[in-house]
Amino acid sequence: MPDSSTEAAGVAPLGRQSALSGMIRPGDHGAADYRGPGVTITERHPLSMVQIEARGPEVAVMLEASNAVLGLRPPQAPNTSVGDGHPRILWTGPNRWLVVEPESRDLDTVLQDALIPGGAAVVDLGHGRASLRLSGRSVRQILMKGAGLDWHVRAFTPGMCAQTTMFHLPALIDCRDESTFDIYVARGFAVSFLESVTQAAAEYGYRLG
Amino acid sequence: MIFNRRFDQPFRLAEGGEIDRLAPVSFRFDGKTYQGYLGDTLASALLANGVRLVGRSFKYHRPRGIYSAGPEEPNALVELRTGGRHEPNTRATMIELFAGLDARSQNRWPNLLLDVMQLNALLSPVFVAGFYYKTFMGMPGWRFYEHFIRKAAGMGSGTTLSDPDSYDKMHTHCDVLVIGGGPAGIAAALAAGRSGARVMLLEESDALGGRLRSERRNLNGEPAMRWVRGAAAALEALDTVTVMTRTTGFGYYDGNVIAAVERISDHLATPPEHAVRQRLWHIRAGRVVIAAGATERPLVFTGNDRPGVMLASAARTYVNRFAVQPGKAAVVFANNDDCYQTALDLHRAGIEVQAVVDSRPDGHGAAKQQAETAGIECVTGAAVIASHGYLGLNSVDIAPISADGLTVTGPVWQLSCDLLAISGGWSPNVHLHSHAGGRPVYDPGIAAFIPGPSRQAERSAGAGAGTLGLADCLRQGAEVGAEAATLLGFTPPAIEIPTSDEPATGPLKALWRVPGPGKKYVDLQDDVTSSDVELAHREGYISVEHLKRYTTLGMGTDQGKTSNMNGHAIMAEERGDSIEDVGTTMFRPPYNPISLGAIAGRDIGMHFSPTRRSAMHDWHAENGAVFVEAGQWMRPQIYRRDGESDVKADMDRAISREVTETRGGVGMVDVSTLGKIDIQGPDSAEFLNRLYINGWKTLPVGRARYGLMLREDGIVFDDGTTSRVGENRYFMTTTTANAGPVMSHMEEYLQVHWPELNVKVVSVTEQWAAMALAGPKSRDVLAAAVEGLDVSNEALPFMGVRETRIAGVKARVFRISFSGELAYEINVPADHGRAVWERVMAVGAEHGIIPYGTEAMAIMRIEKGHVAGGELDGRTTADDLGLGRMSSSKKEYIGRRMADREGFLDPARPKFVGLVPVDGKSRARVGSVLVADNTMQPPVPMLGHISSSAYLSPTLGHPISLGLVEGGMSRVGETVWAMFPLRDEAIEVRIVDPVFYDKDGERLHA
């Protein structure tokens, strides 16, 4: 949602309230390990998240326009992601991508202006997802507890993303580097998901921050 | 040594074994304290202390002792731990000893030595297979007897306390999964692992080695365990290989999925903080090598269940691995060469071996000579035909038998002994192969079933494949492991197979029943005797499946590991057929008992299913909400005020208050859970036209319309409003329950059936927080909340949609109503949901705004006669619900053709009506069946049912219901009866118009 335009309109900006507000107790929890916590869990908020989608001949137009406005071409290969995070573009279905970045501009409007003329659909999902970043040496163990995909370092490599069921709820999982994953879940499940992740991480020790 | 002086372990050898003599631990069994060592099992520690009687049998309450040293144990089942960690039916042979272990024997009263129910044994001639059912079933009072019969025939009892420990689940993938860490499994893992393939090796016990841990055997001229340790280190060094001990692969499922349980903390008194007790693994493997080993069979002779009778392999395990003497004076009885090795091992452990009794007249291998050289008396062509002793073995009867094993051919002599080690040969553990769809085939060479052709990507190796020699196991393990890797595209290097010193063995000669009178146990856990098998045959239960169910053979928690082969072979003898023709029963998972905790994992309590919260959840909680689960969503059911509790009277008061104050003033309800779908693209209107039964092409921008959609079969699927928010952009809402199914339905039609439509859909349910503001004062509240929007009836008419701002946040306002009041739905991006909700509550305060919950919402919609989940139940048509007139005749839509089926047009179909109790006060329950008269005798024709019920309409002052009844609105004014037989309820109800409130919609359009 266009918080930046809200500011421009001169109305006192209303801060976005995360689905996890009050749920993250910063510090080390669970088992203590001399190597430090097995995983660090951080909430990524506020994020801009916009889904872009096109059909048929619109697709090529949209890819070009995306490249022009974002400086990044959406990846063609299924279940892959590109970008350093400003933005990151994740393939989420045939001719369908999720553009994600820390909120700094009205990404929805930016993309609407750039892509709608070419026939693409642009949908703001920035408030509809919560995102956790999991990193550390035990991160793949936690993924193994939650989801049935092959999380081996050989099999799930940086730049791969997947939509699957994790701890019984739908999740989009993006491998940022060998031991860092960004996970997106529906906003309403955020608290339940955080509880499941921290339960799973307790035996390795985890840091919330 | 100092400990040995303080705590006598009279049967512990002075040296040897894998136990840690520097780590003595004390434990309790039946309230008495003993001592063992780390490295012991409960069974070995009990034997070290001379405890031979450990349980009473299932049916006859016979005294029973430790019979095996592994998962096949049929007798030594104990209750382990106390309190919430109490676990019944735990095999003493599988429990690793830990300090403070507390175990109790089962199925005895008042105690093991004096078990009252052993009277059953005196009556055993009448307690044959099928006795209880033949005698008591059908007799009056069966339920009364059943209670005592179940109590008498028993296993341990469970606990009702909750388990304080946590259990876990994990998924993993590998190229080659090797199940079993004995010599074949180790060789397979080495061969596959060195190819670079991702290999997992599962071992049920605490360390690799399998039978090598229990045998005195050399490999490459050194003790075999030295080779095992070298191999374990080599596997450890391969970063693609994972070795998991204390892990049992217990189930083999379709798609090469193997379930395994890892016992992480079972060997500890309590799990360390944050550690889990057990972990359930789902392993997806490219190929599976089953190296599950074999189980030794007992011999079936009179009194073969007496404490002191033990499998020969177990006797070797106790002396070699645990340095425990399972007795002081032994007789060894077998139909194969195992007896000689056993005798040598027992002899070496200082046990006086009275005799080796070999049922074969000849054909023995080289070990017999070794035994005789050691001075052990070896008798061939003879059998142990009976055992003696009260609570434990004190002597056996031995007699020569005929070559066919059917008759005693000479005089009986008696030998004193307190240990009888028996071996009837080895049965490969074909369970996992059988789970995978394989059908085991009979191998007369070892008189056992071996794996047949594989149905999945698996192959057995080693003893589990019927390969019983050590050198052969190693060779086959390496071969099968290499083959698995090769089939997956890896190139395994050749591995070196160590040389074994095992002596040449002679062939086994099957002896399924030893001649002689009396009880000969086939299945010790279920007290099934050879005569039960014979009885089953006489009564016609001659297939192994019928035999199993009639006698309970193999139905215990051990799944017949020691009994199936003997039982099936005896049936074959009775039938006069070959064992091949009689066959074997199949196996189902789990191979070994699995705790329910491991299966449940962390999916317990509120995490049985994930919980979904709206953006306003915390506000609700802070303001007295009592939550109710709506699918996975948590929704406020009511809001309590100070002093109110969860009791029904308070709940009822809150519900009525919320309805009354909303209808009289203004209320707000959280409707974020409604499904929301964003629809874009030039063909959106056409798509909606095909989805809904009503027309969409004329809907202007800024307007909403109610829509109804059908399933393909013509039954009503879902309803909701869809708004046109842009030239080619629509915003659909669905019911909470159907948010997912409607989205899937739309995706399927766009992707599969109508790819030519240029429409893009995405669920935005979670993007928007939604609140419905209802009541005559709702316009005043809205006007105060919005920034720069005219909300007058003219500017924002019924079904109008506008974009605006509330608290500086972009918002959508829809003038739609579920309650029947003047009402608005406000949607804002979810991260602003709580702030906007609070803003509306704040500006509404002067108008007396209240929050209301799902109960008040439901009552108001029933009062208004709106259909909802109770009516959209997957059985109703649009006509049934009085919505048939919405259907457009000018277009095609999903379900239209099937909606014209004859049965759907039947005028007798129940139709939507309202119902009120004739007495003005009785509450008719949802699900009540409507019938013509409460005095009718079955079969009573059903006229319909009650689909929704308000136990009290605060607006009308009496209960109201919605339902479907034959004849529908043509019966208005008639009375029928609402029957709920489960609660013995019969309420006379009058059929009325389903719209109880504001029939003309004046409030809605005000």
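Tallying secondary structure elements over chain A gives five helices and 12 strands in all. For a compact globule of 209 residues, the expected C-alpha radius of gyration is about 17 Å, and chain A comes in at 18 Å, within 12% of that figure. For chain A, the spread of C-alpha atoms along the three principal axes comes to 55 × 45 × 25 Å. Counting over 209 residues, chain A shows a buried share of 50%. Long-range contacts, defined here as pairs at least 24 residues apart, represent 65% of the contacts in chain A between residues at least 6 apart.

Now for the confidence of the model for chain B. Any residue range with low pLDDT should be treated as having predicted coordinates unsuitable for detailed reading. Mean pLDDT over chain B works out to 94, with 96% of the residues at or above the 70 mark. Interface scoring of the predicted complex returns ipTM 0.94; its pTM is 0.93.

All names here are of chain B. Counting buried positions along helix α6 (residues 183–193) gives 11 out of 11 residues, so the element sits mostly inside the fold. Among all positions of α6, only Pro183, Ala184, Gly185, Ile186, Ala187, Ala188, Ala189, Leu190, Ala191, Ala192 and Gly193 are buried. Where α6 is buried, its residues contact β8 (167–179), β9 (199–202), α7 (224–237), β12 (241–244), β15 (278–290) and α12 (470–487).

Once that is clear, we can look at the sheet that holds strand β4 (residues 81–82) of chain A. All names here are of chain A. Spatially, five strands are ordered β4-β5-β6-β3-β7 in an open sheet, and the strand pairing comes out antiparallel. Of all the strands in the sheet, the pair left with one neighbour each is β4 and β7 (121–124). Relative to strand β6 (residues 96–102), strand β5 (residues 88–93) runs antiparallel, the two being bridged by five bridges. Note on β6: the bridge partner recorded for arginine 88 is valine 100. Its contacts with the sheet put helix α3 (residues 107–115) on β3 (47–53), β6 and β7, and the angle it makes with β3 is roughly 25 degrees.

Here we come to the packing of helix α13 (residues 530–538) of chain B against helix α14 (residues 544–551) of chain B. All names here are of chain B. α14 packs onto α13 with a crossing angle of 120 degrees between their chain directions and a minimal axis gap of 10 Å. Considering their axes alone, α13 and α14 lie oblique with respect to each other. Considering only the axes of α13 and α14, their crossing is right-handed. Contacts between α13 and α14 involve Asp532, Val533 and Ala536 on the former and, on the latter, Leu547, Tyr550 and Thr551. Counted by class, the contact of α13 with α14 contains four nonpolar, one polar and one charged residues.

Let us now look at the pairing of strand β39 (residues 768–774) of chain B. Residues and elements named next belong to chain B. Taken across its seven residues, β39 has seven buried, putting it largely inside the fold. Residues Trp768, Ala770, Ala772 and Ala774 line one face of β39 and the alternating positions Ala769, Met771 and Leu773 line the opposite face, and both faces are buried. Direction of pairing for strand β33 (residues 667–670) relative to β39: antiparallel, over a ladder of four bridges. From the neighbouring strand, valine 669 faces β39, where its bridge partner is alanine 772.

On to unusual backbone geometry. With an omega dihedral of 0 degrees, the bond running from Pro589(B) to Pro590(B) counts as a cis peptide bond. Mapping Pro590(B) onto the fold places it in the loop between α16 (579–582) and α17 (596–600). Cis geometry is found at the peptide bond from Pro938(B) to Pro939(B), where omega equals -5 degrees. Mapped onto the elements, Pro939(B) comes out in the loop between β46 (929–931) and β47 (944–953). For Asn95(A), which is not glycine, the phi dihedral falls at a positive 60 degrees. Considering the arrangement of structural elements, one finds Asn95(A) in the loop between β5 and β6. Its 17 C-beta neighbours within 10 Å are what place Asn95(A) among the partly exposed residues. Phi is positive for Met799(B), close to 75 degrees, though the residue is something other than glycine. Within the fold, Met799(B) resides in the loop between β40 (786–787) and β41 (801–806).

All names here are of chain A. Counted at 1.5 Å a residue, the expected span for helix α5 (residues 190–201) with its 12 residues is 16 Å, and the 16 Å between its end C-alpha atoms agrees. Counting buried residues in α5 gives nine out of 12 residues, a clear majority hidden from the surface. Of the residues making up α5, those classed as buried are Ala190, Val191, Ser192, Phe193, Leu194, Ser196, Val197, Ala200 and Ala201. If you follow the buried residues of α5, they end up packed against β2 (39–43), β8 (129–135), α4 (139–146), β10 (169–177), β11 (180–186) and β12 (206–208).

The next subject is the interface of chain A and chain B. Listed by partner, the interface residues are 43 residues for chain A and 39 residues for chain B. Among the secondary structure elements, those contributing two or more residues to the side of chain A that touches chain B are β3, β7, α4 and α5 of chain A. The dominant element in the side of chain A that touches chain B, judged by the number of residues it contributes, is α5(A), at five residues.

A separate point is the pairing of β5(A). All names here are of chain A. Where burial is concerned, most of β5 is hidden: five out of the six residues are buried. Sheet topology note: the β4/β5 ladder contains two bridges and is antiparallel. Residue pairing across strands places serine 81 opposite leucine 90, the latter belonging to β5.

Before going further, it helps to examine the environment of Thr407(B). Residues and elements named next belong to chain B. Relative to the elements of secondary structure, threonine 407 occurs in the loop between β22 (395–400) and β23 (413–416). Since 12 C-beta atoms lie within 10 Å of it, threonine 407 is described here as exposed. Distance from threonine 407 to valine 514, taken between C-alpha atoms, is 8.2 Å for residues 107 residues apart in sequence. Residue contacts for threonine 407: discarding those within four places in its chain leaves Ile401, Ser402 and Pro515.

Conventions adopted
Residues numbered from 1 in each chain as written. Chains lettered and ligands numbered in written order. Predicted model: local features only at pLDDT ≥ 70, side-chain atom pairs only at ≥ 80, totals over all residues. Helix = DSSP H or I, 4+ residues; strand = E, 2+ residues; numbered from the N terminus. Rg over C-alpha atoms; globule rule 2.2 N^0.38 Å. Buried ≥ 20, exposed ≤ 12 C-beta atoms within 10 Å, placed from the backbone. Contact = placed C-beta atoms within 7 Å. pLDDT = per-residue confidence, 0-100. Pairing = 2+ DSSP bridges. Axes fitted to C-alpha atoms, helices over the stretch in contact; angles between N-to-C directions. Parallel < 35°, antiparallel > 145°, perpendicular 65-115°, else oblique. Left-handed = near helix turned anticlockwise from the far one by under 90°. Nonpolar A, V, L, I, M, F, W, Y, C, P; charged D, E, K, R; others polar. Expected span 1.5 Å × (residues − 1).

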